[in-house]
Amino acid sequence: MRPIRPGDRGPAVSEIRAVLTGLELLTPGTDPGGDADAFDAEIERAVRAFQQSRGLSVDGRVGEETWRALDAARWRLGARTLYHAVPEPLTGEDVRSLQERLLEMGYDVGRADAIYGVRTSRAVAQFQREMGLTPDGSCGPHTMGALRRLGRKVVGGRPQWLRESDAIRQAGPTLVGRTVVVDPGHGGTDPGVVVPDGPLRWTEADLVHDLASRLEGRLAAAGVRVQLTRGPTPGSCLPDVERAELANSLGADVFISLHADGHANPEADGVATYHYGTDNGVTSATGERLAGLVQREIVARTGLRDCRTHAKAWDLLRLTRMPAVRVEVGYLTSVADRGRLVDPRFRDRVVEAIVAAVQRMYFPIERDVPTGSIDVSELRATIAAGRVAAG
């Protein structure tokens, strides 16, 4: 869908106004021009506040991702019976609230993705069984009453952090045999950030695909199975939802999305890394750790400004079932960052940083090594030596 922007008019704007009013982000009847179908400054401010609270990109426009989030936000936990529907599962803010509540109590729903799938249904059934209720996996009035009466079940740390950390520890430290999906952002009809530079024209889609191809080679040399989400010249841009579905269908261990940023202010520069997280503290524990490792390794090995890690609820991070990060490797609109990004040797350093970060994620905390100390060429040499010995 085309993003709905300030100045637009129509029934869709009226619906957006109604949802924002229901969320108390707009005061009923606040349409200064008397036109409920007009996307005015008041709606733009409310949309920005909504996007900020939901961990979305704050641009004041209603694109597909913001529209889905607004549609999901209509529902409050307890307003309807929740159950596992096939083939189209129930989605909504009430589902996410239920998942977060169950996570706090120590039940394994996976990621709080606002989708009432099999894993959520099983967690509800387990809760019902322990409470002496009929374990049908649906959340109706009796189950809601039981949930309201109980507090946290797990203490001594975030339950999801404990669960995910244990899964990583059980997997062992080696990268051999892991599956990593590398996602070069944009592509096809969406070039991303485009910057003319004299006779040249730099595009985000082209640069991040080259970066992804280099990362594919380095990871493969370390014994990793690698899948890219697109080729160099796809016919169309794959939606983020489908990129996440691809990673899930491959049973990937790690998902890494590569982007370059852009800003109207040419002084904006630096690298930032994003992981899944919501405004109330629910996060992907391993995604958060991987984001921190990627960020620190890139800053240490490249000298890019540290713009830190951030929690976001973008579809790409919310719907992937494995540790997932999105890396914004510098600003194409910055003269300094662009000069680095167009240098193949610099892109090699970024790739080495990401490989080192993935390796460190699988090291036990007590065996972790200092940032910048892993020699990626040694990983390749170890694998090569093992293959020679096996032969």
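Structure first, text after, so check above.
Conventions adopted
- Residues numbered from 1 in each chain as written.
- Predicted model: local features only at pLDDT ≥ 70, side-chain atom pairs only at ≥ 80, totals over all residues.
- Heavy atoms only, no water.
- Core = buried A, V, L, I, M, F, W, Y, C linked by side-chain atoms within 4.5 Å.
- Buried < 20%, exposed > 50% of the residue type's maximum accessible area, 1.4 Å probe, protein only.
- Helix = DSSP H or I, 4+ residues; strand = E, 2+ residues; numbered from the N terminus.
- Contact = heavy atoms within 4.5 Å.
- Polar contact = N/O pair within 3.5 Å; in protein donor to acceptor, adjacent residues only side chain to side chain.
- Pairing = 2+ DSSP bridges.
- Axes fitted to C-alpha atoms, helices over the stretch in contact; angles between N-to-C directions.

### Describing the nonpolar core
- Leu20 and Leu102 are the most contacted members of the largest nonpolar core, which has 50 residues in total.
- Counting only elements with at least two residues in this core, the list comes to helix 1 (11-22), helix 2 (41-53), helix 3 (64-72), helix 4 (93-104), helix 5 (118-130), helix 6 (141-149), strand 6 (271-276) and helix 11 (315-318).
- The contacts of leucine 20, once residues within four sequence positions are left out, are Leu25, Leu26, Ile43, Ala46, Val47, Phe50 and Leu70.

### Considerations on the side chain of threonine 203
- Counting through the fold element by element, threonine 203 comes out in strand 3 (residues 200-203).
- Of the residues examined, threonine 203 reaches a relative accessible area of 4% and is grouped as buried.
- Side chain to side chain, threonine 203 and aspartate 206 meet in a polar contact 3.0 Å long.
- In this view, threonine 203 contacts Pro191, Val193, Val194 and Leu332; residues no more than four positions away in its chain are not counted.

### Quick word on the environment of alanine 49
- Mapped onto the elements of the fold, alanine 49 is located in helix 2.
- By relative accessible area, alanine 49 is classed as partly exposed at 36%.
- When the C-alpha atoms of alanine 49 and asparagine 265 are compared, they prove to be 23 Å apart, with 216 residues separating the residues in sequence.

### Overview of the sheet that holds strand 6
- The sheet built from six strands is open, its strands ordered 4-1-5-8-6-7 with mixed pairing. Of all strands in the sheet, those bounded by a partner on one side alone are strand 4 (225-228) and strand 7 (306-312). Strand after strand, the sheet turns through a mean of 20 degrees between neighbouring axes, direction not considered.
- Taken together, the four bridges between strand 6 and strand 8 (residues 324-331) define a ladder with antiparallel strand orientation. Within strand 8, the residue paired with tyrosine 274 across the bridge is arginine 326.

Taken by themselves, the reported measurements are silent on function.
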